[in-house]
Amino acid sequence: MKAHLTKRYWLAASHRLHSEKLTEEQNRATYGKCNNPYGHGHNYAVEITVGGQIDAASGMICDLGELDGLVTCEVLERFDHQNLNCLPEFRDAVPTSENLCKAIYQVLHPRLRTAHLERVRLEETSMNSFEYSGAPGEPAVGLLGWSGDEESDR
Ligand code: NI
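Residues numbered from 1 in each chain as written. Predicted model: local features only at pLDDT ≥ 70, side-chain atom pairs only at ≥ 80, totals over all residues.

Asks: Before we move on, could you go through the overall build of the chain and cite the residues and values that matter?
Replies: Along the chain, the regular secondary structure elements total 3 helices and 5 strands. Traced from its N-terminal end to its C-terminal end, the chain shows the element sequence β-α-β-α-β-α-β-β. (Helix = DSSP H or I, 4+ residues; strand = E, 2+ residues; numbered from the N terminus.)

Encoded structure:
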């Protein structure tokens, strides 16, 4: 039996959507005003969903203080109030919300110990949201230090 818990955090960051793999014209056609050279900002709502067994003693699936600390150190301090285009995570990837979801997932996944990271969801505006849940072929970094159940669908 597995339970899930979702916590919501806020993250402000700027970006410019521009791909080195596309021409200037293709960039403008693809990203529209999000391709403007000066960039623009978003207040992202970040939802982190973890899953795991309910601990018999605490009745919880993970230590909330530990989760908050991890998200603060590894996600908020890394991405909050940053120009995403300047960060190493986006040296070879366009800082779209899809790729930001993936970057957050990849930084958190190996660091969670008792619960498993199930999903990262980002709300970029009130009109759109994005989710990333890992990839089947993704390196099993999450196995490091992870002591949960032995389900194979991770
Ligand atoms: Ni944007």
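Asks: Now, about the nonpolar core: what can you tell me, with residues and values included?
Replies: If you look at the biggest cluster of nonpolar residues, it comprises 23 residues, and the most contacted ones within it are Val46, Val50, Cys101, Ile104 and Val120. Elements supplying a minimum of two residues to this core: strand E2 (40–52), helix H2 (64–79), helix H3 (97–108) and strand E4 (116–125). At 5 residues, H3 tops the list of elements feeding residues into this core. Those residues within four positions of Cys101 in sequence are excluded, and the remaining contacts are Val120, Leu122, Phe130, Glu131 and Tyr132. (Core = buried A, V, L, I, M, F, W, Y, C linked by C-beta atoms within 7 Å. Buried ≥ 20, exposed ≤ 12 C-beta atoms within 10 Å, placed from the backbone. Contact = placed C-beta atoms within 7 Å.)

Asks: Any chance you could break down the pairing of strand E5 (residues 128–132) for me, citing the residues and the numbers?
Replies: For E4 and E5, the ladder comprises 5 bridges, and the chain directions are antiparallel. Bridge assignment links Leu122 to a residue of E5, and that residue is Phe130. Hairpin connection from E4 to E5: 2 residues lie between these consecutive antiparallel strands. (Pairing = 2+ DSSP bridges.)

Asks: Would you mind going over the environment of Asn85 in detail, with residue names and values included?
Replies: Within the fold, Asn85 resides in the loop between strand E3 (82–83) and H3. For Asn85, a count of 16 C-beta atoms within 10 Å puts it in the partly exposed group. For the pair Asn85 and His15, spaced 70 residues apart in sequence, the C-alpha separation works out to 5.8 Å. For Asn85, the residues in contact, after removing those within four places along its chain, are His15, Arg16, Phe90 and Pro95.

Asks: Account for the sheet that holds E5, with residues named and values stated.
Replies: Taken together, the 5 strands give an open sheet; going across it, the order is E3-E1-E2-E4-E5, and neighbouring strands pair in mixed fashion. The open sheet has two free edges, formed respectively by E3 and E5, since each of these has just one partner strand. Direction of pairing for strand E1 (residues 3–15) relative to E2: antiparallel, over a ladder of 13 bridges. Residue His15 lies in a different strand from E2, and its bridge partner there is His40. Contacts between H2 and the sheet are confined to E1, E2 and E3, with E1 contributing the most and set at about 20 degrees to the helix. (Axes fitted to C-alpha atoms, helices over the stretch in contact; angles between N-to-C directions.)

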